[in-house]
Amino acid sequence: MGEVFITGLGSICGLGSTVPDYWAALMAGQSAIRPLTGVDPGVKIRVGVPLDEFQADRYFNVNELPLLDRFSQFAVISAREALADAGLEDNAAIVSEAAAIIGTGCGGKQTDEETYLQLYKQGRSRVYPLTIPKGMPSAAASMVSQHLGIKGPVFSIASACASSAHAVIQGRMMIQSGLVDVALVGGTDAPFTYGLLKAWEALRVVSNDTCRPFSIDRSGMVLGEGAAMLVLESGEHARQRGARTYAELAGCGMSSDAGHITRPDVDGISMAMTRALEDAGLDAAAVQYINAHGTGTVTNDVAETQAVHRVFGPHAQSLMVSSTKSMHGHVLGAASALELVATALAISNGMVPPTANFSGPGEGCDLDYVPGTAREHRIDAALSNAFAFGGLNAVIALKACDS
Amino acid sequence: MIQDTVIKEISNHLRCDAGQISPDMRLDELGIDSLGAITILYELEDQLDVEVPNNVFDSLNVVNDIVVQLEQLVNNKVSG
């Protein structure tokens with residue numbers, strides 16, 4: 001299979017509205033988890049990582065906004081940054097031939113919920129005419145295509161919290177098959193709506209204070225919002241145009257638990273990690289860093305730790321395993337792309353982002369979680385884990401370009 | 001009283017006869033996983049107009065744990 005490289009990065013989340021801001025916050029070990037403001041008092045979830053100061057009109061013309069749900073806005077903003085970072089923003093010849101595969105866990109819920117509020121509660125009998133094209137789960141993919149002039153294969157992928165990892169994998173497969181030379185891949189979500197918050201509240205997995213992955217007193221996940229995009233490029237194409245490369249997208253592993261709808265399964269997630277290593281041609285001992293799924297729920301963190309032991313054997317004790325969700329929250333369909341951006345930057349900068357809020361190892365959590373402070377360390381190979389509700393697992397292996 | 005309500009709700013959830021459920025039975029023995037427990041509590045919270053906090057939820061392992069917890073919440077509501 002041909003080489004695929006990451007040549008551009010874009011992101012917007014509570015840690016920062018650009019990749020440099022995001023990375024600086026990760027390196028500072030700075031958690032953006034904060035009290036939610038402006039939320040209906042009936043919502044019991046108290047904390048999150050919303051983009052409180054986000055102003056859509058700083059990024060879009062007034063006449064563009066009627067079709068842009070919040071999740072589409074984040075997608076377009078991070079897609080623009082990723083293409084510019086790859087040096088492709090003015091290269092219509094390359095961009096128009098590219099693919100765009102965008103993951104989302106929720107879709108355009110703000111649009112949908114505003115509509116339902118008007119219909120069911122306010123007694124209106126008519127709705128905004130652009131409700132369908134604005135709220136449909138593929139709206140973000142369409143808006144990215146339209147705003148950036150991407151005319152190759154464009155569609156959306158939904159696999160809950162692994163959506164953007166599956167999008168990355170799909171883009172890599174398209175490049176390896178020869179269908180496209182360049183793919184913009186990633187994910188987006190904007191889950192701070194009344195209905196979604198109430199639904200997360202009912203599931204009893206969201207913490208009421210903060211997200212402390214792998215810690216003894218961890219109390220659940222914390223929701224975030226935002227988007228992250230990566231430009232993937234075939235080795236030949238990247239070399240021909242002299243593109244800067246962050247890392248090689250060396251391997252991917254997918255599996256499904258075919259089991260419990262919310263509880264992660266050690267067999268299933270071990271299989272995804274093993275397949276990613278095999279696909280990348282990596283010995284377990286060659287990996288130094290894992291960006292964990294690390295949600296901070298009781299069940300995920302133990303299962304993930306067990307799976308790391310199973311896959312890596314004695315080498316597990318030498319691995320650095322951190323959860324950046326402790327800082328940017330769980331951005332659902334954008335989470336794995338956001339974390340892959342962090343993993344690629346860890347490789348290219350030789351710096352490992354920490355697990356913030358770590359308060360001491362929980363029972364069954366005995367790895368090096370890089371607590372509190374970023375660590376300087378050369379990374380030749382790393383994994384980024386994503387384990388979604390529904391048992392849908394996707395793991396991505398990156399290699400340093402000079403390794 | 002609350003015990004009857006809890007057992008009735010569990011039997012509704014499991015679609016079995018209430019006589020097959022006793023207070024000393026473990027939820028996992030009954031085939032009730034965490035999602036099942038969330039669903040049962042959701043119905044009971046509605047019926048009794050109380051809220052079981054998340055930090056208590058994980059310690060509800062036996063049918064009687066739910067009964068005791070709900071009795072406390074209902075009593076607090078009356079005395080409060």
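Residues numbered from 1 in each chain as written. Chains lettered and ligands numbered in written order. Predicted model: local features only at pLDDT ≥ 70, side-chain atom pairs only at ≥ 80, totals over all residues.

1. Looking at the overall build of chain B
Secondary structure assignment for chain B yields four helices and zero strands. Written out in order from the N terminus, the α and β elements of chain B read α-α-α-α. Dimensions of chain B, computed from C-alpha atoms along their principal axes, come out at roughly 35 × 25 × 20 Å. A separation threshold of at least 6 residues defines the contact pool for chain B, and within that pool the share at least 24 residues apart is 58%. (Helix = DSSP H or I, 4+ residues; strand = E, 2+ residues; numbered from the N terminus. Contact = placed C-beta atoms within 7 Å.)

2. Some words on the overall build of chain A
Each helix and strand in chain A was counted, giving 13 helices and 14 strands. Along the three orthogonal principal directions, the C-alpha set of chain A runs to about 65 × 50 × 40 Å. By residue count, 59% of the 403 residues in chain A fall in the buried class. Nonlocal contacts in chain A, meaning residues at least 24 apart in sequence, comprise 80% of its contacts between residues at least 6 apart. (Buried ≥ 20, exposed ≤ 12 C-beta atoms within 10 Å, placed from the backbone.)

3. Topic: the pairing of strand β8 (residues 247-256) of chain A
Each regular strand carries side chains that alternate between the two faces of the sheet. All names here are of chain A. Most of β8 sits out of view: nine of its ten residues are buried. In terms of strand pairing, strand β1 (residues 4-13) meets β8 through two bridges, oriented antiparallel. Each bridged residue has a counterpart across the sheet, and for I6 the counterpart in β8 is A247. Judged from the eight bridges that link them, β8 and strand β14 (residues 392-399) form a sheet pairing that is antiparallel. (Pairing = 2+ DSSP bridges.)

4. Points about the packing of helix α1 (residues 2-14) of chain B against helix α2 (residues 34-48) of chain B
Residues and elements named next belong to chain B. Packing of α1 against α2 brings their axes to within 10 Å, and their N-to-C directions diverge by 135 degrees. Comparing the axis directions of α1 and α2 gives the class oblique. Where α1 crosses over α2, the two elements pack in a sense that is right-handed. Across the interface between the two elements, T5, V6, E9, I10 and H13 of α1 pack against G36, T39, I40, E43, L44 and Q47 of α2. Looking at the contact of α1 with α2 residue by residue, the class counts come to four nonpolar, five polar and two charged. (Axes fitted to C-alpha atoms, helices over the stretch in contact; angles between N-to-C directions. Parallel < 35°, antiparallel > 145°, perpendicular 65-115°, else oblique. Left-handed = near helix turned anticlockwise from the far one by under 90°. Nonpolar A, V, L, I, M, F, W, Y, C, P; charged D, E, K, R; others polar.)

5. Considering helix α6 (residues 139-148) of chain A
Residue and element names in this part refer to chain A. Most of α6 sits inside the fold, with seven of its ten residues counted as buried. Those residues of α6 that sit buried are A139, A140, A141, M143, V144, S145 and L148. Where the residues of α6 are buried, they touch α2 (70-85), α3 (92-97), β4 (99-103), α5 (131-135), β5 (154-157) and β6 (182-189). Backbone geometry just downstream of α6 places G149 in the positive-phi region, at approximately 75 degrees.

6. Regarding the pairing of β1 of chain A
All names here are of chain A. Burial analysis of β1 places ten of its ten residues in the buried class, which makes it a mostly covered element. The pairing of β1 with strand β7 (residues 226-234) spans nine bridges and is classified as antiparallel. If you follow S11 over to β7, its bridge partner there is A228.

7. Some details on unusual backbone geometry
With a phi close to 50 degrees, A258 of chain A is a non-glycine residue in the positive phi region. With respect to the helices and strands, A258 of chain A occurs in the loop between β8 and α10 (266-280). Under the C-beta neighbour-count criterion, A258 of chain A is labelled exposed, with 9 such atoms within 10 Å. With a phi close to 55 degrees, D49 of chain B is a non-glycine residue in the positive phi region. Structurally, the position occupied by D49 of chain B is in the loop between α2 and α3 (54-57). D49 of chain B sits in the exposed class, given 9 other C-beta atoms within 10 Å.

8. Structural notes on the interface of chain A and chain B
Of the residues lining the interface, five residues belong to chain A; the matching set on chain B comes to five residues. Residue composition of the side of chain A that touches chain B, by class: three nonpolar, one polar and one charged.

9. What to know about the sheet that holds β8 of chain A
All names here are of chain A. Pairing is mixed across the open sheet formed by ten strands, whose spatial order is β5-β4-β6-β7-β1-β8-β14-β13-β9-β10. Looking at the sheet topology across the chains shown, the edges are occupied by β5 and β10 (320-322). Sheet twist, expressed as the average angle between the axes of neighbouring strands with direction ignored, equals 25 degrees. Here β4 runs beside β5; their pairing, made up of four bridges, is parallel.

10. Details of the confidence of the model for chain B
All names here are of chain B. Within chain B, residue pLDDT values average 94, and 99% of them lie at 70 or more. Considering each helix and strand of chain B separately, the mean pLDDT is smallest for α3, with a value of 88, and largest for α1, with 96. Among the scores for the predicted complex, ipTM is 0.82 and pTM is 0.95. (pLDDT = per-residue confidence, 0-100.)

11. Quick word on the environment of A243 of chain A
Residues and elements named next belong to chain A. Its place among the elements puts A243 in the loop between α9 (235-240) and β8. Spatially, the C-alpha atoms of A243 and A165 are 23 Å apart, while their sequence positions differ by 78 residues. Each residue touching A243, except ones within four places of it in the same chain, is listed here: T7, A86, G87, E233 and A238.

12. Brief notes about the nonpolar core
Residue and element names in this part refer to chain A. Membership of the largest hydrophobic core comes to 135 residues, with the highest contact counts inside it found for V144, A183, L184, L230, V341 and I396. For this core, the element with the highest residue contribution is helix α13 (residues 335-349), accounting for ten residues. Leaving out residues up to four positions away in the same chain, I396 has contacts with A165, V168, L249, C252, A276, L340, L383 and S384. (Core = buried A, V, L, I, M, F, W, Y, C linked by C-beta atoms within 7 Å.)

13. Observations regarding α1 of chain B
Residue and element names in this part refer to chain B. Over its 13 residues, α1 runs 18 Å from end to end, which matches the ideal 18 Å to within 8%, given 1.5 Å per residue. Among the residues of α1, V6, I7, E9 and I10 are the ones counted as buried. Take α1 and look down its axis: the buried residues cluster within an arc of 160 degrees, on one side only. Away from its buried face, by an angle of more than 90 degrees, α1 presents the exposed residues D4 and N12. Among the structural elements, α2 and α4 (63-79) are those in contact with the buried residues of α1. A positive phi of about 55 degrees marks R15, the residue just after α1. (Expected span 1.5 Å × (residues − 1). Arc of directions from axis to C-beta.)

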